[in-house]
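An overview of the molecular structure
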2 protein chains.
Amino acid sequence: MGMVEKKSGSEFSERLSTGGFRFTPQRQHVYDVVMQKRDHPTAEEIFIRTKRTMPEISHATVYNCLDALVKCGLVRQVQLERGATRFCPNMEEHCHYFCDACGEVFDVPLQKDSTTMPGPKGFQVDHYDIAVHGLCADCAGSRKK
Amino acid sequence: MGMVEKKSGSEFSERLSTGGFRFTPQRQHVYDVVMQKRDHPTAEEIFIRTKRTMPEISHATVYNCLDALVKCGLVRQVQLERGATRFCPNMEEHCHYFCDACGEVFDVPLQKDSTTMPGPKGFQVDHYDIAVHGLCADCAGSRKK
DNA sequence: CTATATGCAAATAGTTTGCCTGTTA
DNA sequence: TAACAGGCAAACTATTTGCATATAG
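Within each chain, residue numbers correspond to sequence positions counted from 1 in written order. Chains and ligands are labelled by the order in which they are written, letters from A for the one and numbers from 1 for the other. Totals for whole chains, interfaces and linings use all residues, but because this is a predicted model, local features are given only for residues with pLDDT of at least 70 and pairs of side-chain atoms are given and counted only at 80 or more. Just so you know, side-chain values use all the structure's heavy atoms and leave hydrogens and water out.

1. Focus: the relation of the copies chain A and chain B
Definition in use: Least-squares superposition aligns the copies on the C-alpha atoms of those residues with pLDDT at or above 70 in both.
In screw terms, the move from chain A to chain B is a rotation of 180 degrees and a rise of 0.0 Å along the axis, fitting with an RMSD of 0.0 Å. Viewed as a symmetry operation, the transformation between the two copies matches a two-fold axis. Scanning chain A for the C-alpha nearest the rotation axis identifies Ile130(A), at a separation of 2.2 Å.

Structure (structure tokens):
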């Protein structure tokens, strides 16, 4: 489930150059790291994971890579709470159920259609960012006690 | 339009105590400041505005007040981009159209119904947080040139 | 060969914390 | 008169920037 499909090497660099960016091994590594685990890591977490296979990578480069990947539509960026931005490998239209107690994030695919609200005149929509806040089953359960 | 209705003094302190908080003049001031202008200020901006009528207020207190107000359902907190959290006086169900170019925020009321997607089993929804990213009319226009 | 990207370190937000004093209920 | 809230400054976390070097196209 969930079309978290990693782009092949050639499609990856094509996407980069279409976006006006060069291919670099750092960008490839950061991309690989984000696609590898289907969670919602912060830049710091991605930095740590990337260092495992590329110890010389720097903080600034990770931010730079992530920005490039976001601009090319290869990963998504989400703000679920105060503090660190998270990154998401799932480029399918979906929303995030976020547990305010434990921080767990669940991707839920979005059925088309529902998004037919008229916005401000002339607003050119790029993408939707839908988060549902609350308590996950585990946390809701343990609060009842 | 937009039910941005400021609570009366007594209703305000009642809301606070229901949430387990005490009434303080600082909380009142911060609340007044947020309700006064229908925009989406950051904590820093609220700090600056509050200082005008209450020069001795501190940074930490503004954060504390805002947290209390959010927990009591008196203001909303939104994360629209990397960086500072913004606060919103509009407690009506609505979504935010956010211009990625100039940072302008537009509130758009949400018609009920549309939100009938099944989430993760047992997830206890508290609230929805819907942002629409893109370019406002002005910014979309000036890019065409 | 040249624009773009990297690495490093320092700078800058944004937010939180600790500690002591003041105030609310 | 407790428990909670405020003020201040320092600590922390997240992100950005400047600059010299390296590298992709």
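There is more to say after this.
2. Here's the deal with the protein's contact with DNA strand C
Applicable threshold: Nearness of a residue to a molecule or strand requires only that one of the residue's heavy atoms be within 4 Å of it. Polar contacts, as counted here, are pairs of nitrogen or oxygen atoms within 3.5 Å of one another; within protein the pair requires one atom able to donate a hydrogen and one able to accept it, and residues that are adjacent in sequence qualify only if both atoms are side-chain atoms. Note on conventions: DSSP H or I runs of at least 4 residues are helices, E runs of at least 2 residues are strands, and numbering of each starts at the N terminus. By the convention adopted, Pro, Cys, Tyr, Trp, Phe, Met, Ile, Leu, Val and Ala count as nonpolar, Lys, Arg, Asp and Glu as charged, and the other residues, Gly among them, as polar.
Taken together, 20 residues sit near DNA strand C, with Thr24(A), Asn64(A), Arg82(A), Tyr63(B) and Thr85(B) positioned nearest. The sugar-phosphate backbone supplies 80% of the atoms of DNA strand C found within 4 Å of the protein. Tyr63(B) has a polar side-chain atom sitting 2.8 Å from a phosphate oxygen of DNA strand C. Elements supplying a minimum of two residues to the surface near DNA strand C: α2 (25-36) and α4 (59-71) of chain A together with α4 (59-71) of chain B. When residues of the surface near DNA strand C are assigned to their parent elements, the largest contribution, 4 residues, is made by α4(A). Class assignment of the residues belonging to the surface near DNA strand C gives a composition of 8 nonpolar, 7 polar and 5 charged.

3. Details of the side chain of Thr85(A)
Residues and elements named next belong to chain A. Put simply, the test is: Think of it in three bands: with a 1.4 Å probe and only protein chains considered, a residue is buried below 20% of the maximum accessible area for its type, exposed above 50%, and partly exposed in between.
Position of Thr 85 relative to the elements: it lies in the loop between β1 (76-78) and β2 (86-88). By relative accessible area, which is 9% here, Thr 85 ends up buried. Within the structure, Thr 85 has its side chain in polar contact with the side chain of Gln 79 (distance 2.8 Å).

4. Quick notes on the protein's contact with DNA strand D
Surrounding DNA strand D, one finds 20 residues, the nearest of these being Tyr63(A), Thr85(A), Thr61(B), Asn64(B) and Arg82(B). Backbone atoms, meaning sugar plus phosphate, form 81% of the atoms of DNA strand D positioned within 4 Å of the protein. Measuring from a phosphate oxygen of DNA strand D, one finds a backbone N or O atom of Phe23(A) at 3.1 Å. Ser58(B) places a polar main-chain atom, nitrogen or oxygen, 3.3 Å from a phosphate oxygen of DNA strand D. Every element with two or more residues in the surface near DNA strand D is listed here: α4 of chain A together with α2 (25-36) and α4 of chain B. Considering each element in turn, the surface near DNA strand D owes the most residues, 4 residues, to α4(B).

The values reported here are purely geometric and, on their own, carry no functional implication.
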